[in-house]
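Report on the structure
This is what each chain is made of:
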Amino acid sequence: MAYITLRDVQLAFGGPALLDGANFVLERGERVCLIGRNGEGKSTLLKLIEGSLLPDRGEVSIQNGLTVSMLAQDVPMDSGKVADIVADGAGEAATVLKEYHEASDACVLGNMEACDRMGHLQHKLDQLDGWALENKVNTILGKMGLDPNADLADLSGGRKRRVLLARALLTQPDILLLDEPTNHLDVESIEWLEKFLLEQNNLTLLFISHDRSFVDRLATRIVELDRGILRSYEGNYSRYLDLKAQQLEAEEKQNALFEKKLAEEEAWIRQGIKARRTRNEGRVRALKTLREESKARRFQQGKVNMGVQDAQRSGKLVFDIEHLSVSYDAQPLIHDFSAVVLRGDRIGLVGDNGVGKTTLIKAILGDIAHEGTVKTGTQLEVAYFDQLRNQLDLEKSVMANVSEGSDFVDVNGQRRHIYSYLQDFLFSPERSRTPVKALSGGERNRVLLAKLLLKPSNLIVMDEPTNDLDMVTLELLEEMLADYKGTLLLISHDRAFMDNVVTSTWVFDGKGGIEEYVGGYQDYLLQRPNQTVVDQKSEVKKAQAKAEAANSVAPAKKVKLSYKDQRELEQLPAEMEKLETEQADLSNKLADGSWFIKDAAAATQASQRLAEIEELLLEKLERWDELENLSKGI
């Protein structure tokens, strides 16, 4: 049974359409993951379904009587009692219940006016079934292990997510929309969320996530938003990768056929009027169709091209850590930790938010005071990726942040213009001039990567580098780090990323203790104690079909043209020859590029004239076809 249906939905905000005739159906009981590159419009699609946005064209329909709740991507920084924030999800009943409790507290203190108000509010609660709301709030908070009297501002990011999820589920929605629910959560919170959502038997889910382990465990279907079109892939993320590879291979073949056909037709049209006298009828119109389709085509966004700057090798010993301890407000955060880090080690740090992972990194690097000793090896050159992106100046442009004012950067001994370098990270020259404060989270992470990777290093420290990055960029970052010859210290909640990159794992127990395990996150789980192709229509075929349809028309008797039309038909070949002569002359002059150096304005004007000639020739060829067809009675 279809819960949500999108039919031919169009939505754009000035640039290429985020949704370009998109179609989608969400069935009852499905858990669908929506994936796509940063900026493709995934969050926008959720807002369309939620109702906070309207499409430019098309229809978004939800089955009558169904309720939809949405868990937004951003975690609020507000303060307030947890029970009140969760109850707010019930609307008016929550407001009245809160007023009743406030009046009750004031009445106990002797406020008679408040006592009188209680009677009115009690009657209203009876009408709204508000008394049942209080029981629902307590029940759902109990399920999620949340204290109803706690202040939201005092909770960790993971606990705040639980509060928001409790509010979204309070009204028992038929459809739950989740936008990056694992962002900024620790591994324990992510695993809790997975288990909780899987236990909600009657819940239909549509969620956005870049966490591949989360998607693999939860999704029954993958839907990709790619260049404005929604494509469905049955199964989990691993299955999607196989099907997507097949689809891209088919698309490449179709593109090659299209480009070959277009090149052949463009070559034919430049052969000259005499060579074209034997042309097929309708071929000019077919070429015009091919040109229009070529302009309308949208190609897949490129991939980030990242590489590490080579530095001389560090000494074999990178860090010798002995009895390191750090306390915060007289509470031990790290207690008596000892370890040896050797050149080439790739170490992952795992633990709940707030247990001291970033603190340990800073202590090892000597940025904060600590007890114990840390001996640092020789010739160490450090590149540090900060999860808070404090290394970025939000007021400055992307270019200024990365190159620090220079127009050129040095990449492994080669001098490159900053625009060229930033294009490797998918920033166009125009986007490179944009202030960082105007960028999305994923774009800011790419800026920080571009800045980080300019620095020659033999030790890379990364604190939550995967937040906000799309899956394609994540996989490219994985490949780069897997090939890195230096040493890596990595804090991440992305289990798949850890498994594919690290060689050992430091696990924080939350009480100051840290244990080391060989391998990635899945290896740690095994070692820990006490454990139990979508096909697209071919543009070429469409153009060929039109041409063949024109050619298949049976010949008819010739009819006499008017004097004016006959004169036009006779003059057209000479007019086209003249244009072709001008075209050849301008092409020869522009061929070697020296004209642009001698007289840039004249060369630019000539280049524009060439484009005009192409259009004029096409128009005259179409008219020639039309007049000849008329003379033949077609």
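Coordinates for the structure precede this section.
Read on for a plain summary of the structure.

**With respect to helix α16 (residues 471-482)**
Residue pairs three or four apart in sequence face the same way in an α-helix, which turns once every 3.6 residues. Under the 1.5 Å per step criterion, the end-to-end length of α16 is 16 Å for 12 residues, consistent within 8% with the ideal 16 Å. By the burial criterion, the buried members of α16 are Met-471, Thr-473, Leu-474, Leu-476, Leu-477, Glu-478, Met-480 and Leu-481.

**Considering a nonpolar patch on the surface**
Where nonpolar side chains cluster on the molecular surface, the patch consists of Leu-317, Val-340 and Leu-342 and spans about 210 Å² of accessible area. With respect to the element layout, Val-340 can be found in strand β11 (residues 331-342). On the accessibility criterion, Val-340 (44% relative accessible area) is partly exposed.

**Some remarks on the nonpolar core**
In terms of nonpolar packing, the biggest core is built from 55 residues, with Leu-141, Met-144, Leu-165, Leu-176, Leu-197 and Phe-207 touching the most fellow members. Formed by 43 residues, the second largest nonpolar core is a distinct cluster that contains Val-350, Val-398, Tyr-484 and Met-498.

**Digging into the sheet that holds strand β10 (residues 317-328)**
Strand order in the open sheet formed by 3 strands is β11-β10-β13, and the pairing between neighbours is antiparallel. A strand with exactly one partner marks an edge of an open sheet, and here the two such strands are β11 and β13 (371-376). Recorded for the sheet is a direction-independent mean angle of 10 degrees between the axes of neighbouring strands. As paired strands, β10 and β13 are joined by 5 bridges and run antiparallel to one another. Residue pairing across strands places Glu-322 opposite Thr-373, the latter belonging to β13.

**Points about the environment of Thr-5**
One can find Thr-5 in strand β1 (residues 2-11). We classify Thr-5 as buried; its relative accessible area is 12%. Remark: the alpha-carbon pair of Thr-5 and Glu-27, spanning 22 residues in sequence, is separated by 8.9 Å. Setting aside its immediate chain neighbours within four residues, Thr-5 contacts Phe-24, Val-25, Glu-59, Val-60 and Ser-61.

**A look at unusual backbone geometry**
For Gln-379, which is not a glycine, the phi torsion comes out positive at approximately 55 degrees. In this fold, Gln-379 is placed in the loop between β13 and β14 (382-385). Phi is positive for Glu-464, which is not a glycine, with a value near 55 degrees. Looking at the element boundaries, Glu-464 is found in the loop between β17 (459-463) and α16.

**Details of the state of the cysteines**
Under the defined criterion, the tally for this structure stands at 1 disulfide. Between the sulfur atoms of Cys-107 and its disulfide partner Cys-115 the distance amounts to 1.8 Å. Residues Cys-107 and Cys-115 share a disulfide whose torsion about the S-S bond is about 100 degrees; that sign makes it right-handed.

Reading guide: rules and limits
- Residues numbered from 1 in each chain as written.
- Predicted model: local features only at pLDDT ≥ 70, side-chain atom pairs only at ≥ 80, totals over all residues.
- Heavy atoms only, no water.
- Helix = DSSP H or I, 4+ residues; strand = E, 2+ residues; numbered from the N terminus.
- Expected span 1.5 Å × (residues − 1).
- Buried < 20%, exposed > 50% of the residue type's maximum accessible area, 1.4 Å probe, protein only.
- Patch = residues over 30% accessible without salt bridge, like charges linked within 9 Å, V, L, I, M, F, W, Y side chains within 5 Å.
- Areas by Shrake-Rupley, 256 points an atom, 1.4 Å probe, with all protein chains shown as cover.
- Salt bridge = Lys/Arg side-chain N within 4 Å of Asp/Glu carboxyl O.
- Core = buried A, V, L, I, M, F, W, Y, C linked by side-chain atoms within 4.5 Å.
- Pairing = 2+ DSSP bridges.
- Axes fitted to C-alpha atoms, helices over the stretch in contact; angles between N-to-C directions.
- Contact = heavy atoms within 4.5 Å.
- Disulfide = S-S within 2.5 Å.

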